[in-house]
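Chains, contacts and geometry: an overview
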Amino acid sequence: MKKTSPSSSSKDSSLDREQFLYLTTRGRRNGLPREIEIWFIHHDGSFYVIAEYTTSHWVRNLLARPEVQVRLAGKSFAARAPVLSPESEPEPNPPGLVAQEIWLG
């Protein structure tokens, strides 16, 4: 997921203390916000979350609308959350771009 606000660093040490992030998707039918609490991994400026079932409503919402809100360590930011297949590789951030991503697999 690409972070749209460059104001906070992806190397924030407070991330090491966090177990969950809060991911808000938009309902694919009604557009209403839907927030979930989910475990994550932060690696190389990207956030990774795993869906146990591809039929989960939040995953289906992401497939319809990958733009999300993330709340983590007292901060919120808009982002984009592409869904990965087991065969796909995350794309690296372009040089000089301060961005964070959430990848779902």
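What you see is a predicted model; the values in this text were computed from it and never measured. (Residues numbered from 1 in each chain as written. Predicted model: local features only at pLDDT ≥ 70, side-chain atom pairs only at ≥ 80, totals over all residues. Heavy atoms only, no water.)

1. Quick look at the packing of aromatic side chains
- Under the defined criterion, the tally for this structure stands at 3 aromatic pairs.
- Here the aromatic cluster, defined as three or more aromatic residues joined through ring pairs, consists of Phe40, Phe47 and Phe77. (Phe/Tyr/Trp six-rings, centres within 6.5 Å; stacked < 30°, edge-to-face > 60°.)

2. Some remarks on the sheet that holds strand β2 (residues 33-39)
- The sheet built from 4 strands is open, its strands ordered β2-β1-β5-β6 with antiparallel pairing. Bordering the open sheet on either side are β2 and β6 (75-80), each of which pairs with just one other strand. Across the sheet, the mean angle from the axis of one strand to that of its neighbour is 25°, orientation sign disregarded.
- Two strands pair when backbone bridges link them, and strand β1 (residues 20-26) and strand β5 (residues 67-72) are joined in this way by 3 bridges, in the antiparallel orientation. Bridged to Thr24 within β5 is Gln69.
- Across the sheet, helix α1 (residues 57-64) lies against β1, β2 and β5, angled at about 55° from β1, the strand it touches most. (Pairing = 2+ DSSP bridges. Helix = DSSP H or I, 4+ residues; strand = E, 2+ residues; numbered from the N terminus. Axes fitted to C-alpha atoms, helices over the stretch in contact; angles between N-to-C directions. Contact = heavy atoms within 4.5 Å.)

3. Details of the nonpolar core
- Residues Leu21, Phe47, Trp58, Val68, Val70 and Leu72 are the most contacted members of the largest nonpolar core, which totals 17 residues.
- Contacts of Leu72, omitting those with residues within four sequence positions, involve Leu15, Glu18, Phe20, Leu21, Phe40 and Phe47. (Core = buried A, V, L, I, M, F, W, Y, C linked by side-chain atoms within 4.5 Å. Buried < 20%, exposed > 50% of the residue type's maximum accessible area, 1.4 Å probe, protein only.)

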